[in-house]
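Structural overview for review
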Amino acid sequence: MRLIIKNDYDACSKWTADFIADQIIKANPTKEHPYVLGLPTGSTPLGIYKRLIELYQQGKISFENIITFNMDEYVGLDEKDEQSYHYFMFHNFFNHINIKKENIHILNGKAENPEEECQKYEEAIRAAGGIDLFLGGCGNDGHIAFNEPGSSLKSRTRVMSLTQDTIIANSRFFGGDLNKVPKTSLTVGIATITDAKQVVIVMTGPAKARALQQAVEGSVSQMWPVTALQLHENAIIVADDNATDELKVGTVKYFKGIEN
């Protein structure tokens, strides 16, 4: 595992976006051999998407031969709902780049058969040749996508009930009203994420300090889903200084020394 430590959120966003852009450029994707990205929603990736849009507008990267799979979607929200992850992705990213609509994959929260929808999603990922790079954030309790604590490390795309902590955290997007937050979601599994050739998880701010400490120094545990990255041969965590508050001083020096 690599741990990249930057000064603040903006620096983390820039490093991550530039890294993703570099991987796309190196892959030189074509229609026959596209590059496949796994993407998140929420506040964490906003700076990354902004930077990627800038790189596209500058002509440094193209998304013409990029296929994307989003991590999750709320059950019951229509794609036109402003709180849906469909809306989020198009509003904050897809509408501003040259990605083909047929190359965009987002779980359907209104699917009549949610279990079948999840199975088809896994099949679509396999049909695309697997995910080259999965980008994600991490919850304060260590959840990645909507894989809450207790999720199997071998889990696949499925219907997931949200914990009260996640509902409270996400209520900020629903005017602070807990009753408006959907209680279930469709989410890729931990194994779906870790099957990717590369995984990049971004964690910023002091609220993520405990999760980062577990991810880097703790034992692999289903109670801290992010610790599954320890088993991945090509995982990167990008964190700011505030998120390292609970790491040992020696750990911080070690990872900073490697990158320097």
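Here is a short report on the structure shown in this document. Model, not experiment: these values are computed from the prediction.

Within a sheet, adjacent strands bond to each other through the backbone by hydrogen bonds, running parallel or antiparallel. In space, the three strands of this open sheet follow the order β4-β8-β7, with antiparallel pairing throughout. Since the sheet does not close on itself, it has two edges, and those belong to β4 (72-74) and β7 (158-161), each with one partner. Adjacent strand axes in the sheet meet at a mean angle of 30° when their direction is disregarded. Here β7 runs beside strand β8 (residues 184-187); their pairing, made up of four bridges, is antiparallel. Of the residues in β8, the one forming a bridge with valine 159 is leucine 186. Of the strands in this sheet, β7 and β8 touch helix α4 (residues 114-127), which is tilted by about 125° from β7.

The next point concerns the environment of proline 40. For proline 40, the location among the structural elements is in the loop between β2 (35-39) and α2 (46-57). According to the relative accessible area criterion, proline 40 is buried, its value standing at 4%. As a C-alpha pair, proline 40 and leucine 133 span 93 residues in sequence and 12 Å in three-dimensional space. Apart from residues lying up to four places away in sequence, proline 40 is in contact with Pro45, Tyr49, Asn70, Met71, Phe88, Met89, Leu135, Gly136 and Gly137.

In this section: the sheet that holds strand β3 (residues 66-70). Pairing in this open sheet of seven strands is parallel, and the strands run β1-β10-β9-β6-β2-β3-β5 from one edge to the other. Lying at the two open borders of the sheet, with one neighbouring strand each, are β1 (2-6) and β5 (104-105). Sheet analysis places β3 next to β5, joined by two bridges and oriented parallel. In the strand pairing of β5, threonine 68 is matched with isoleucine 104.

For the rest of this paragraph, the subject is the packing of helix α1 (residues 9-27) against α2. Taken N-terminus to C-terminus, the directions of α1 and α2 make an angle of 50°; their axes are 8 Å apart at the nearest point. On the basis of the axis angle, α1 is oblique to α2. Handedness of the α1/α2 crossing: right-handed. Only Leu46, Gly47, Ile48, Arg51, Leu52 and Leu55 of α2 make contact with α1, whose side of the interface consists of Tyr9, Ser13, Lys14, Thr16, Ala17, Asp18, Ile20 and Ala21. Taken together, the residues that form the contact of α1 with α2 break down as eight nonpolar, three polar and three charged.

A word on the packing of aromatic side chains. Applying the stated rule across the entire model yields twelve aromatic pairs. With 5.7 Å between their ring centres and 80° between their planes, tyrosine 74 and phenylalanine 174 make a pair best called edge-to-face. Taken together, the positions of tyrosine 74 in strand β4 and phenylalanine 174 in the loop between α5 (164-170) and β8 put the pair 100 residues apart, joining distant regions of the chain. Between phenylalanine 90 and phenylalanine 94 the ring centres are 5.3 Å apart and the planes differ by 75°, which places this aromatic pair in the edge-to-face class. On the basis of relative accessibility, which here comes to 21%, the residue phenylalanine 90 falls in the partly exposed class.

Bringing the layout of surface pockets into the picture now. Remark: the empty space left among the atoms is shown by a probe the size of a water molecule rolled over them. By volume, the largest pocket is sized at about 600 Å³. What lines the largest pocket is a set of 28 residues, among which Cys138, Gly139, His143, Arg172 and Lys208 lie closest to the centre. The dominant element in the lining of the largest pocket, judged by the number of residues it contributes, is α5, at four residues. The class makeup of the residues in the lining of the largest pocket is twelve nonpolar, eleven polar and five charged. Taken as a whole, the second largest pocket encloses approximately 200 Å³ of empty space.

Let us look at the pattern of salt bridges. Scanning the entire structure with this criterion turns up eleven salt bridges. Measuring nitrogen to oxygen at the nearest pair gives 3.3 Å for the salt bridge that ties aspartate 132 to lysine 197. Residue aspartate 132 is located in the loop between α4 and β6 (133-136), and its partner lysine 197 is located in the loop between α6 (190-194) and β9 (198-203); the two are separated by 65 residues in the primary sequence. Aspartate 132 sits in the buried class, given a relative accessible area of 13%. What makes lysine 197 partly exposed here is its relative accessible area of 47%. The salt bridge involving aspartate 241 is made with lysine 256; its shortest N-O contact spans 3.4 Å. With a gap of 15 residues between them, aspartate 241 in the loop between β10 (235-240) and α8 (249-259) and lysine 256 in helix α8 connect regions that are remote in the sequence. One salt-bridge network, held together by shared partners, links Lys14, Asp18, Arg51 and Glu54.

Procedures and definitions
- Counting restarts for each chain: residues are numbered from 1 in the order of the written sequence.
- Local features in this predicted model are restricted to residues of pLDDT 70 or higher, and side-chain atom pairs are both shown and tallied only at a pLDDT of 80 or more, whereas totals for entire chains, interfaces and linings draw on every residue.
- The side-chain numbers reported here are obtained from all heavy atoms of the structure, hydrogens and water having been left aside.
- Paired strands, in this sense, are two strands between which DSSP finds at least two bridges.
- Numbering goes from the N terminus for both helices and strands, where a helix is a DSSP run of H or I of at least four residues and a strand is a run of E of at least two.
- To get an axis, a line is fitted to the C-alpha atoms, and for a helix only the part in contact is used. The angle between two axes follows their N-to-C directions and goes from 0 to 180 degrees.
- The criterion used for residue contact is that any of the two residues' heavy atoms lie within 4.5 Å.
- In this scheme, a residue with accessible area under 20% of its type's maximum is buried, one over 50% is exposed, and one in between is partly exposed, where area comes from a 1.4 Å probe on protein chains only.
- In what follows, roughly perpendicular refers to angles from 65 to 115 degrees, roughly parallel to angles under 35, roughly antiparallel to angles over 145, and oblique to any angle outside these ranges.
- Each crossing is labelled by how the near helix is turned from the far one, with a counterclockwise turn of less than a right angle marking it left-handed and a clockwise turn marking it right-handed.
- Side-chain classes follow a simple rule in which Ala, Val, Leu, Ile, Met, Phe, Trp, Tyr, Cys and Pro form the nonpolar group, Asp, Glu, Lys and Arg form the charged group, and the remainder, Gly included, forms the polar group.
- Stacked, tilted and edge-to-face pairs are distinguished by plane angle, under 30 degrees for stacked and over 60 for edge-to-face with tilted covering the rest, among Phe, Tyr and Trp rings (Trp via its six-membered ring) whose centres lie within 6.5 Å.
- A cavity, in this analysis, means grid points on a 1 Å lattice covering only the protein atoms where a 1.4 Å probe fits yet has no way out; a pocket is instead an open set bounded by protein on both sides within 12 Å along at least five of seven lines, and a residue lines either one if it has an atom within 4 Å of a point.
- Grid points are joined across faces, edges and corners, and a volume is the space filled by probe spheres set on the points.
- For this document, the term salt bridge refers to a Lys or Arg side-chain nitrogen within 4 Å of an Asp or Glu carboxyl oxygen.

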